[in-house]
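# Chain and residue survey
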Amino acid sequence: MSGKPQAGDHPHLGLAVFATAAMALALAGGLQFLGLTGRFDAVVERMFTPGGMAAPTLSLAPSVLWLSAALVSFVLPAVILNIPGSWRRIMVWGGTIALTVAWGPVMILAAHKPQIGVVLVAVLWSGFCAMFYTTNHALPVDRPSSTTKRPSHGPR
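Structural notes, computed from the coordinates. What you see is a predicted model; the values in this text were computed from it and never measured. (Residues numbered from 1 in each chain as written. Predicted model: local features only at pLDDT ≥ 70, side-chain atom pairs only at ≥ 80, totals over all residues. Heavy atoms only, no water.)

### A few points about the overall build of the protein
- Looking only at helices and strands, the protein features five helices and zero strands.
- Counting from the amino terminus, the protein carries its helices and strands in the arrangement α-α-α-α-α.
- Looking at the protein alone, contacts between residues at least 24 apart form 82% of all its contacts between residues at least 6 apart.
- Roughly 9800 Å² of accessible area belongs to the protein as shown, and the carbon and sulfur atoms make up 70% of that amount. (Helix = DSSP H or I, 4+ residues; strand = E, 2+ residues; numbered from the N terminus. Contact = heavy atoms within 4.5 Å. Areas by Shrake-Rupley, 256 points an atom, 1.4 Å probe, with all protein chains shown as cover.)

### Let's talk about the environment of Arg89
- Considering the arrangement of structural elements, one finds Arg89 in helix α4 (residues 86–109).
- A sequence separation of 41 residues divides Arg89 from Ala130, and the C-alpha atoms of the two residues are 9.2 Å apart.

### So, the packing of aromatic side chains
- Scanning all chains against the criterion turns up three aromatic pairs.
- A centroid spacing of 6.4 Å and a plane angle of 25° characterise the contact between Phe128 and Phe132, whose relative ring orientation is stacked. Of this pair, Phe128 and Phe132 both sit in helix α5 (residues 117–136), four residues apart, roughly one helical turn.
- Under the relative-accessibility criterion, Phe128 is labelled partly exposed at 40%. (Phe/Tyr/Trp six-rings, centres within 6.5 Å; stacked < 30°, edge-to-face > 60°. Buried < 20%, exposed > 50% of the residue type's maximum accessible area, 1.4 Å probe, protein only.)

### Re helix α2 (residues 36–48)
- Taking 1.5 Å as the rise per residue, α2 with 13 residues should run 18 Å; its terminal C-alpha atoms sit 18 Å apart, in good agreement.
- Buried residues of α2: Thr37, Asp41, Val44 and Glu45, and no others. Across the axial projection of α2, the buried residues extend over an arc of 100°, all falling on one side. Among the exposed residues of α2, those pointing more than 90 degrees away from its buried face are Arg39, Arg46 and Met47. (Expected span 1.5 Å × (residues − 1). Arc of directions from axis to C-beta.)

### Re the nonpolar core
- Core analysis: the biggest nonpolar cluster contains 14 residues, and Ala69, Leu76, Ile80, Trp93, Val118, Val119 and Val123 have the highest contact counts within it.
- Counting only elements with at least two residues in this core, the list comes to α3 (62–80) and α5.
- The element best represented in this core is α5, accounting for seven residues.
- If sequence neighbours within four positions are ignored, Ala69 has contacts with Leu25, Val118, Val119 and Ala122. (Core = buried A, V, L, I, M, F, W, Y, C linked by side-chain atoms within 4.5 Å.)

### Topic: unusual backbone geometry
- A positive phi angle is found at Ala111, which is not glycine, with a value near 65°.
- Among the secondary structure elements, Ala111 is positioned in the loop between α4 and α5.
- On the basis of relative accessibility, which here comes to 34%, the residue Ala111 falls in the partly exposed class.

### Quick word on the packing of α3 against α4
- Their axes nearest at 10 Å, the elements α3 and α4 cross at an angle of 165°. Relative to α4, α3 is oriented roughly antiparallel. Considering how the two elements wind past one another, α3 and α4 form a crossing that is right-handed. For the pair α3 and α4, contact is made by Ser68, Val72, Leu76, Val79 and Ile80 and by Arg89, Val92, Trp93, Thr96 and Trp103, respectively.
- In terms of residue class, the contact of α3 with α4 is made up of seven nonpolar, two polar and one charged. (Axes fitted to C-alpha atoms, helices over the stretch in contact; angles between N-to-C directions. Parallel < 35°, antiparallel > 145°, perpendicular 65-115°, else oblique. Left-handed = near helix turned anticlockwise from the far one by under 90°. Nonpolar A, V, L, I, M, F, W, Y, C, P; charged D, E, K, R; others polar.)

### Considerations on α4
- Taking 1.5 Å per residue, 24 residues should reach 34 Å; α4 reaches 36 Å between its end C-alpha atoms and fits that length.
- Restricting attention to buried positions, one finds in α4 the residues Arg89, Trp93, Thr96, Thr100, Gly104, Met107 and Ile108.
- Where α4 is buried, its residues meet α2, α3 and α5.
- Two residues or fewer past α4, Ala111 is found with a positive phi of approximately 65°.

As structure tokens, this is what we get:
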């Protein structure tokens, strides 16, 4: 089969959200295991720490970090798959990326190390997978509504 499914087919959005979130969390876990997210966090810390300010010493609890990553990994694809229109989906994904990056300076001002690498990987990968899913499946929100009336332009 090639192309998008027919209009009568129903994509399994719950399964797609679960698979997307699981892949995003697995990728974030793998990159943390390899130490790449720690390197990214160090770069973010150097970039956002103002000159003359002491380096932050507090760390987030790992449970808070991973619960945040899990929340974003599940919610972002669920929202993207239930919004009609590609531009809206891109705006939601881009806004989520911007909010995640903006979390870094806020954490520095609160004297916490900006540990945003894990959550940023989860946002990027879950958003990418959800956008890829939307290009290959006909979603219920993209189907024309059968309740809309065609405007009449006079007698035919």
